[in-house]
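Here's the letter readout for the chains.
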Amino acid sequence: METWRIIATVLLAAAGLPLVLVVMAKVRDRVNSSAQVAIGGAVTFTALVVVAVLTLTVLPGLLTWIIVAVVAAAVGVMVLAS
């Protein structure tokens, strides 16, 4: 496994875990239901895991780094907007 894939996956996870928490907080603000918050967190976490596995295995380099940048930018915007 190439080193750049591992680095990209670690960066994706570092940006993605706060994204899961921010999504859960946004869901809690909009709908006051613990079940909906759990579902929102589970869906976001599952999507993050799927993208991380694809990053480690099959995605081309350029697409991988674009995804990492988009996730990091989304986290930045969501944190600053809240």
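Caption draft 1: Main features of the side chain of Thr-9. Structurally, the position occupied by Thr-9 is in helix H1 (residues 3-30). Those residues in contact with Thr-9 that lie beyond four places of it in its chain are Ala-52, Thr-55 and Leu-56.

Caption draft 2: Representation of the environment of Ala-74 within the structure. Relative to the helices and strands, Ala-74 is located in helix H3 (residues 61-81). Put simply, Ala-74 and Ala-15 are 59 residues apart on the chain and 9.0 Å apart in space, counted from C-alpha to C-alpha.

Caption draft 3: Here's a closer look at the confidence of the model for the protein chain. Per-residue confidence for the protein chain gives a mean pLDDT of 94, with 100% of residues at or over 70. Per-residue pLDDT, averaged within each element of the protein chain, yields its smallest value for H3 (93) and its largest for helix H2 (residues 34-57) (96).

Caption draft 4: Main features of the UniProt feature "transmembrane region" (unreviewed entry) in the protein chain. As annotated by UniProt and renumbered to match this structure, "transmembrane region" (unreviewed entry) occupies residues 6-25, 37-56 and 62-81. Structurally, residues 37-56 is divided into 100% helix and 0% strand, and its ends, taken at the C-alpha atoms, are 29 Å apart. As annotated, residues 62-81 comprises 100% helix and 0% strand, and the C-alpha atoms at either end are separated by 28 Å.

Cut-offs and rules
Residues numbered from 1 in each chain as written. Predicted model: local features only at pLDDT ≥ 70, side-chain atom pairs only at ≥ 80, totals over all residues. Heavy atoms only, no water. Helix = DSSP H or I, 4+ residues; strand = E, 2+ residues; numbered from the N terminus. Contact = heavy atoms within 4.5 Å. pLDDT = per-residue confidence, 0-100. UniProt positions renumbered as here; feature names shortened; annotations may be inferred.

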